[in-house]
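Listed here are the chains, written in short residue letters.
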Amino acid sequence: MGPLVSNSRTCMKHLCTWVVNPLYFRPALAGLPQHNIMLAVRFIINPNTQLYSTKGDKQAELYSQVTKEKGFTPRTRPAFPKSVFAAGTAKKTAEFMKKRAGIDTEELSPARGRGSLKVALPDHPLTTSEWTKLKEGSSKPERFEMQMMEGLLAANADVNIAKSLLAYVVQDKGTLSYELLLRYLTLCVTAGHHSEVFDTYDIMRTCFKTLDTGASSLFIKGFSQTERWREALGVLEGMKKALLPSPRNYGDAITGAVLHRDTETSWKLYDELLEQGIVPNQDTWQCLFQSGITQHGQEDKLFSVLSYMRDNQIYPEEPLIKTIKAWFESLPDQKWSGKFSFVAPSGECKNCKASLESIQLTEEEYAQLKDEVMKKVIEGSDIFYKTTPEELKSFKAFVKQRPPFDIVIDGLNVANTTPKATHSETLLAVVSELERQGLNILVLGRKHMLQPSRNWDRQNMNKIKQKSHCFFTENMSEDDPFLLYAALHSGVHCNFLSRDLMRDHKACLPDRATRRLFFKWQRGHQVVISHYAPGKRVRFQRVSAYDTIVQTSGSSWHIPYDENGRDRASYEIPQKWLCLTQEH
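This one's a predicted model, so the numbers in the text were calculated from it and none came from an experiment. (Residues numbered from 1 in each chain as written. Predicted model: local features only at pLDDT ≥ 70, side-chain atom pairs only at ≥ 80, totals over all residues. Heavy atoms only, no water.)

Draft legend 1. Broad picture of the overall build of the chain. The secondary structure content of the chain amounts to 27 helices and 11 strands. Looking at the chain as a whole, 49% of its 584 residues are labelled buried. Here the contacts in the chain between residues at least 6 apart in sequence split such that 73% fall between residues at least 24 apart. When the accessible surface of the chain is summed, it comes to about 29300 Å², and 50% of that surface belongs to carbon and sulfur atoms. (Helix = DSSP H or I, 4+ residues; strand = E, 2+ residues; numbered from the N terminus. Buried < 20%, exposed > 50% of the residue type's maximum accessible area, 1.4 Å probe, protein only. Contact = heavy atoms within 4.5 Å. Areas by Shrake-Rupley, 256 points an atom, 1.4 Å probe, with all protein chains shown as cover.)

Draft legend 2. Fine view of the sheet that holds strand 3 (residues 441-446). The strand order across the open sheet built from five strands is 4-3-2-5-6, with neighbouring strands paired in parallel fashion. Each edge of the open sheet is held by one strand with a lone partner, namely strand 4 (469-473) and strand 6 (526-527). Sheet topology places strand 2 (residues 407-410) next to strand 3; four bridges connect them, and they run parallel. Across the sheet, the residue bridging to isoleucine 407 is isoleucine 441, located in strand 3. Where helix 21 (residues 389-400) meets the sheet, it contacts strand 3 and strand 4, and its direction lies at approximately 175° from that of strand 4. In this fold helix 27 (residues 512-525) packs onto strand 5 (495-497) and strand 6, with an angle of close to 75° to the strand it touches most, strand 5. (Pairing = 2+ DSSP bridges. Axes fitted to C-alpha atoms, helices over the stretch in contact; angles between N-to-C directions.)

Draft legend 3. Summary view of the sheet that holds strand 10 (residues 556-561). Taken together, the four strands give an open sheet; going across it, the order is 1-11-10-9, and neighbouring strands pair in antiparallel fashion. What marks the edges here is a single partner per strand, and that holds for strand 1 (336-341) and strand 9 (551-552). As defined by bridge partners, strand 1 adjoins strand 11 (residues 576-582) across six bridges and the pair is classed as antiparallel. Looking at the pairing, tryptophan 336 lines up with glutamine 582 of strand 11.

Draft legend 4. Main features of the nonpolar core. The biggest cluster of nonpolar side chains holds 80 residues, and the ones touching the most others in it are Met204, Phe219, Leu306 and Ile324. Looking at which element gives the most residues to this core, the answer is helix 11 (residues 178-191), with nine residues. In terms of nonpolar packing, the next biggest core, distinct from the first, is built from 30 residues, Val373, Phe405, Cys494 and Met502 among them. (Core = buried A, V, L, I, M, F, W, Y, C linked by side-chain atoms within 4.5 Å.)

Draft legend 5. Molecular detail of the confidence of the model for the chain. Of the residues in the chain, 78% reach a pLDDT of 70 or more, and the chain-wide mean stands at 83. The model gives residues 1-81 a pLDDT under 50, and that stretch makes 120 contacts with residues more than four places away or in other chains. (pLDDT = per-residue confidence, 0-100.)

Draft legend 6. Quick peek at unusual backbone geometry. For arginine 261, which is not glycine, the phi torsion reads 60° and is therefore positive. Summarising the element assignment, arginine 261 is placed in the loop between helix 15 (247-259) and helix 16 (263-275). Notably, lysine 335 is not glycine yet its phi reads approximately 55°, a positive angle. Among the structural elements, lysine 335 can be located in the loop between helix 19 (318-330) and strand 1.

Draft legend 7. Summary view of the packing of aromatic side chains. By the definition in use, this model includes 26 aromatic pairs. Summarising the aromatic geometry, the rings of tryptophan 267 and tyrosine 270 are spaced 5.3 Å apart at their centres and angled 85° between planes, so their arrangement reads as edge-to-face. Separated by three residues within a single helix, tryptophan 267 and tyrosine 270 lie in helix 16, roughly one turn from each other. With a centroid separation of 5.8 Å and 50° between ring planes, the pair formed by phenylalanine 518 and tryptophan 521 is classed as tilted. Placement of the pair is phenylalanine 518 and tryptophan 521 together in helix 27, with a separation of three residues, close to one helical turn. Between the NZ or CZ atom of arginine 228 and the centre of the ring of phenylalanine 198, over which it lies, the distance is 4.2 Å. (Phe/Tyr/Trp six-rings, centres within 6.5 Å; stacked < 30°, edge-to-face > 60°. Lys NZ or Arg CZ within 6 Å of the ring centre and 35° of its normal.)

Draft legend 8. Helix 16, seen in detail. Helix length check: helix 16, at 13 residues, gives a terminal C-alpha distance of 18 Å against a target of 18 Å (1.5 Å per residue), a fit within 8%. For helix 16, the complete set of buried residues consists of Thr265, Ser266, Trp267, Leu269, Tyr270, Glu272 and Leu273. Residues of helix 16 that are buried sit in contact with helix 14 (230-240), helix 15, helix 17 (282-294) and helix 18 (299-311). Just past helix 16, the residue glycine 277 takes up positive phi, approximately 75°. (Expected span 1.5 Å × (residues − 1).)

Draft legend 9. Expanded view of the pairing of strand 4. With four of five residues buried, strand 4 lies mostly within the body of the structure. Strand direction decides the pairing type here: strand 3 and strand 4, joined by five bridges, are parallel. Each bridged residue has a counterpart across the sheet, and for valine 443 the counterpart in strand 4 is cysteine 470. Read from strand 3 through helix 24 (residues 458-467) to strand 4, the crossover connection turns out right-handed. (Right-handed = clockwise from strand over helix to strand, strands pointing away.)

Draft legend 10. Local environment of the side chain of lysine 520. Relative to the helices and strands, lysine 520 resides in helix 27. Owing to a relative accessible area of 13%, lysine 520 belongs among the buried residues under this scheme. In contact with lysine 520, not counting residues within four places along its chain, are Ser358, Ile359, Gln360, Leu361, Glu365 and Asp547.

Draft legend 11. Looking closely at the state of the cysteines. A complete count under the given rule lists zero disulfides for this structure. Left unpaired, cysteine 349 is separated from the closest cysteine sulfur, that of cysteine 352, by 3.8 Å. (Disulfide = S-S within 2.5 Å.)

Draft legend 12. Highlighting the pattern of salt bridges. Going through the model one piece at a time under the given rule, you end up with 22 salt bridges. Lysine 240 is the partner of glutamate 272 in a salt bridge, and the nearest nitrogen-oxygen pair spans 2.4 Å. Of the two residues, glutamate 272 sits in helix 16 while lysine 240 sits in helix 14, which places them 32 residues apart along the sequence. Judged by its relative accessible area of 19%, glutamate 272 is buried. Taking the relative accessible area as the measure of exposure, lysine 240 reaches 26% and is therefore partly exposed. For glutamate 357, the salt bridge goes to arginine 310, with nearest N and O atoms at 2.8 Å. Taken together, the residues span a long stretch of sequence, with glutamate 357 in the loop between strand 1 and helix 20 (363-378) and arginine 310 in helix 18 at a distance of 47 residues. Taking relative accessible area as the criterion, glutamate 357 reaches 27% and is therefore assigned partly exposed. (Salt bridge = Lys/Arg side-chain N within 4 Å of Asp/Glu carboxyl O.)

Draft legend 13. Representation of the packing of helix 9 (residues 144-154) against helix 11 within the structure. Between helix 9 and helix 11, the least distance of the axes is 9 Å, while the angle of their chain directions is 10°. Judged by the angle between their axes, helix 9 and helix 11 are roughly parallel. Residues Glu145, Met146, Met149, Glu150, Leu152 and Leu153 of helix 9 touch helix 11, and the partners they reach there are Glu179, Leu180, Arg183, Tyr184, Thr186, Leu187 and Thr190. The residue makeup of the contact of helix 9 with helix 11, split by class, is seven nonpolar, two polar and four charged. (Parallel < 35°, antiparallel > 145°, perpendicular 65-115°, else oblique. Nonpolar A, V, L, I, M, F, W, Y, C, P; charged D, E, K, R; others polar.)

Draft legend 14. Here's a closer look at the side chain of threonine 200. For threonine 200, the location among the structural elements is in helix 12 (residues 194-207). A distance of 2.7 Å separates a polar atom in the side chain of threonine 200 from the backbone oxygen of glutamate 196. Residues in contact with threonine 200, not counting those within four places in the same chain, are Tyr184, Leu185 and Phe219. (Polar contact = N/O pair within 3.5 Å; in protein donor to acceptor, adjacent residues only side chain to side chain.)

The structure is reproduced here in structure tokens:
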């Protein structure tokens with residue numbers, strides 16, 4: 001065994017040459033005994049070489065554990081009726097619609113994995129003859145090696161089985177493909193076999209001129225977990241020459257620096273990530289906050305992470321929020337205490353009774369949003385695909401000649417609220433309820449609504465016109481730009497009634513900051529019907545009074561977060577909060 005280990009790198013170089021260009025070198029190798037060639041292979045991939053079955057160090061495993069909180073039991077019942085923007089509403093609505101349509105959601109679930117393997121995975125390393133026999137039973141022998149390696153990877157199998165597969169492929173084909181080595185590398189990185197990662201790195205760097213993004217990413221992750229973590233920074237630098245590294249690439253490098261207590265390098269990498277315009281992964285933030293628990297002096301940096309979340313309307317996931325709570329409570333002599341809470345519709349935190357920030361825009365924010373919506377949505381380059389110049393001009397004059405509206409109704413959208421009543425009956429009930437509240441109402445519709453039919457009763461439409469201002473566009477026009485124009489033109493007090501979430505119009509806005517303003521305005525002004533049955537009073541969902549973002553008053557912090565297992569669409573907001581208060 002001694003000579004084999006001492007000549008290990010020489011053996012690796014012979015294997016690299018053989019793998020990268022087997023046909024060219026086979027004449028030279030032909031004079032060598034076959035066992036010498038296989039000696040090189042065995043050193044790298046022989047399953048009997050127990051020296052190379054290493055696992056990740058305990059430090060990395062311990063560091064990845066999230067601080068466990070005692071006594072934290074997430075509420076399973078909502079405190080208040082969910083709004084259209086509440087996390088999980090879209091998923092529940094989709095499931096309800098499928099059930100109502102008689103569609104079995106289980107039948108729609110895609111099959112897991114890339115496809116079933118036709119042969120069973122071995123549970124121990126095989127000899128060359130055993131692999132040959134197994135391949136003969138495969139339905140796709142040309143893909144046997146790749147399918148088998150992918151199966152071993154999916155099953156998180158013993159790395160020695162994968163090594164025996166590589167040994168078989170080398171003997172059978174005289175070479176190892178890049179793709180097969182990449183799958184093997186994935187298995188080694190995933191399972192924390194560090195020595196195997198080092199060996200595969202040496203092979204691939206020697207045998208291939210360049211490494212693709214997948215291999216580079218795996219080496220960054222693999223090296224970051226070991227004492228050779230600084231080499232991951234070199235791989236990261238190499239990636240920058242060809243493309244922008246991913247959030248995961250930076251995150252793995254930052255994790256390597258944190259694991260080895262190099263806070264200066266970790267924050268240097270983090271600042272570089274932000275300068276590139278990359279949004280960090282939740283795991284990266286969790287690693288940094290975990291580092292702050294054991295290494296004090298990073299408070300300003302970590303508070304800046306919370307400010308970034310606020311500015312970009314980012315919500316921590318549950319594992320991260322628990323780590324943030326633990327970090328606050330670990331700060332020496334600051335006496336922070338964290339409780340998981342929820343917020344009443346009025347905006348009051350149920351834990352500390354503090355009032356959260358208002359959802360209403362400031363005068364400056366409102367003016368900025370109004371200007372951008374007018375330019376990009378109302379007067380944008382594609383507006384006349386949705387209307388005509390004459391119609392838009394007529395509508396602007398219509399709005400100008402009337403007092404500011406209190407609420408603008410998307411007539412067609414509201415009329416389709418329930419199948420239990422005709423469209424005009426539903427719309428009349430809604431308008432009548434709002435009139436009882438003393439509101440100045442604008443109903444937007446299309447001209448076909450004025451043509452008497454079963455759904456559009458003439459008498460109901462006449463009553464609607466008596467109770468509200470009405471503007472009917474051409475049947476081919478889109479009414480959303482008209483709705484937005486009327487609501488924003490009427491002032492900050494004006495709401496609008498529709499279940500349309502305006503995602504297309506939000507996407508037209510020029511930058512993330514303006515889109516966040518639009519979403520904030522929308523959540524504070526969009527009214528949605530919560531319940532209506534013919535002959536009964538129309539009920540509306542309450543408009544949010546508070547803003548769902550990270551916020552602080554100095555002696556307290558309130559951080560909304562995503563619960564585990566709660567699917568939230570991009571336009572939805574979390575319902576759970578971490579309340580942090582400071583004892584005096």
